[in-house]
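What follows is each chain in one-letter form.
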Amino acid sequence: MARVAATFAWLTGRRLAGIAVELWLPILLFAGWWVASSGSASLYFVGLDSILGALRDDWLGEAGAANVLPSLRNLAEGFLLAAFIGVVLGTVLGLVRPLGNAVSPIVEFLRSVPGVALLPIGLLIFGIGSEMKVSLIAYGSVWPILLNTIDGVRSVDAIKLDVLRSYRVPAHLRILGVVLPSAAPRIMVGLRTSLSIAITIIVFSEMIGSTDGIGYAILQAQRNFEIPQMWAGMLALGVIGYLLNIGFRGVEQLVLRRHRAMNTTPGS
Amino acid sequence: MTAPGALLRRAGARGGGAGGVKVLTVLGVLALWQLLSSTGALAADVIPSPAAIGVSLVGVLGGPEFWQALGLTLLSWALGLLVSICLAVPVGLLLGASELAYRSCRFTIDFLRTIPPVALVPLALLLYGATTQMKLVLVVLGAVWPLLLQSMYGVHQVDLVARETARSYRLGRWLRTAFVVLPSAAPFVFTGVRIAATMALLLTIGAEVIGGAPGLGAAMALAQTASDIPRLFALVAASAVLGVLINTVLARVERRVLSWHVSQRPSRG
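Residues numbered from 1 in each chain as written. Chains lettered and ligands numbered in written order. Predicted model: local features only at pLDDT ≥ 70, side-chain atom pairs only at ≥ 80, totals over all residues.

Asker: Give a detailed account of the overall build of chain B, specifying residues and quantitative values.
Answerer: Of regular secondary structure, chain B possesses 11 helices and 0 strands. The secondary structure elements of chain B, listed N-terminal to C-terminal, are α-α-α-α-α-α-α-α-α-α-α. Expected size for 269 residues packed as a compact globule is a radius of gyration near 18 Å; at 24 Å, chain B overshoots this value by more than 25%. A buried classification covers 37% of the 269 residues belonging to chain B. Partitioning the contacts of chain B with sequence separation of at least 6, the portion at a separation of at least 24 is 73%. (Helix = DSSP H or I, 4+ residues; strand = E, 2+ residues; numbered from the N terminus. Rg over C-alpha atoms; globule rule 2.2 N^0.38 Å. Buried ≥ 20, exposed ≤ 12 C-beta atoms within 10 Å, placed from the backbone. Contact = placed C-beta atoms within 7 Å.)

Rendered as structure tokens:
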């Protein structure tokens, strides 16, 4: 009994008030939307009840899986590819400073290409298909990871590196054991920025060159004037985006907890 | 191993040599690309040679269509960014000033922010068709969130000691706002402006590519349908230059406006 009470102790008093403060506005907005849109005669701003109905039919269960899974798979592949390339290349460019400086104008230029501008080129090279989407996502989201990795690697304590070198610790151990863990917070910042870019690009690419995925489903609904379905798709996309962000925050906390535990030496 | 690296680093720090190395690297990469293209290692119908792109770029820059498209893109970018700043910054500053308002809105804004603005393309197309208005709606819906969040954070994180000091000297609400709150929030707001500016350009061009609203993006889509590949690459390169220019100008403005702030002092490295 006492254990149960202890488990729920955090729910009492101030915690509860805190949760209430965070939640009253979204609930009010949702209720307001419901009331304002119920029995709406507008062609475009349809009632929330029909949107939720479409959400249940199209975005939950099997139909939802058929729409969402291809997007998530492409997103994961592109994002992981970008993370791998960004971290590896960023570590090299960060450690070998002359090389990093020499290619910096090229990086700066390539990074400024708006990701969506590459859509026509991607279509030309790969045609419609997941190859095109994965490579667009990888290209668009690699830059924040690359730049943050370079910065993170460069800000590793020089004395630490010198100590490791004088103890003749092999390079791969130095990188895996010290350089990357110290750069981890910056790398995570880059990954988070990249995640939202990747989500944007996947939806964009599905709207133009695709026959499946979330973006395709939403645009298709609009073209067929299935307005509740379109709204439901937009809502589903919002929820998916939010869940991905929450998931990423969890991973980030896990990674950085190790980082903090490692770096809590006296004086730092 | 360290000696040559240190020498190079010192040479880089002197500045003169570094610029030369960068120019040489760029030229080297372009030469390698040209070589790969002329030997046929890169198929010309997939990735054209830099020379072909250059020739096409000269043609593109010489015609009035490009400048017209650029003007339309820049117009909706600037208007959208301006509207977003006017909407989001005051609201964000006000919300950040009250603890209750800050915590009440945090979840809602966090949720709305994660909805990719692209999701609204179909709705905007439905409401406005392929017009500048459509682009504006998208740009504002995407650019408002970083501005709002950064302004809220900025006010929320004003140094407590500074705030209390101002209060104990009995500075009035307006004086406190003008001399303590706004200056401490300014760097955060500026970061928001930079994020929003990039976002706005991305969305403007995206809306043009997908929605067909007139501008650089529509010109790209046109070049793609016409299979004029060098022209397509030239347009993409031009949009990248636009992105670089916007970044550079904003960074310079930030340095000038916030020259008094800690974050802009050179000692930070």
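Moving on from the model shown.
Asker: I'd like a description of the overall build of chain A, backed by residues and values.
Answerer: When you go through chain A residue by residue, the secondary structure sums to 11 helices and 0 strands. Listed by position from the N terminus, the elements making up chain A come as α-α-α-α-α-α-α-α-α-α-α. Its C-alpha atoms give chain A a radius of gyration of 24 Å, clearly above 18 Å, the size a compact globule of 268 residues would have. Principal-axis analysis of the C-alpha atoms gives chain A an extent of 75 × 65 × 30 Å. Buried positions account for 37% of the 268 residues belonging to chain A. Put simply, 75% of the contacts in chain A that link residues at least 6 apart link residues at least 24 apart.

Asker: Just give me the short version of the interface of chain B and chain A, but keep the residues and values in it.
Answerer: Listed per partner, the contact involves 47 residues of chain B and 47 residues of chain A. Breaking the side of chain B that touches chain A down by element, the ones donating at least two residues are α1 (2-14), α2 (16-38), α5 (99-114), α6 (121-128), α9 (173-211), α10 (216-225) and α11 (229-257) of chain B. Looking at which element gives the most residues to the side of chain B that touches chain A, the answer is α5(B), with 9 residues. In terms of residue class, the side of chain B that touches chain A is made up of 33 nonpolar, 10 polar and 4 charged. (Nonpolar A, V, L, I, M, F, W, Y, C, P; charged D, E, K, R; others polar.)

Asker: How would you summarise the environment of B:Leu235 if you had to cite specific residues and measurements?
Answerer: All names here are of chain B. With respect to the helices and strands, Leu 235 occurs in helix α11. Considering only alpha carbons, one finds Leu 235 and Phe 66, 169 residues apart in sequence, at a separation of 8.6 Å. Setting aside residues up to four positions removed in sequence, Leu 235 forms contacts with Val 60, Leu 216, Ala 219, Met 220 and Ala 223.

Asker: An account of the nonpolar core is requested, with residue identities and associated values reported.
Answerer: Within the largest apolar cluster, 128 residues are counted, with the highest numbers of intra-cluster contacts made by A:Ile137, B:Ala200, B:Met220 and B:Leu235. Broken down by element, this core gets its largest block of residues, 17 residues, from α9(B). (Core = buried A, V, L, I, M, F, W, Y, C linked by C-beta atoms within 7 Å.)

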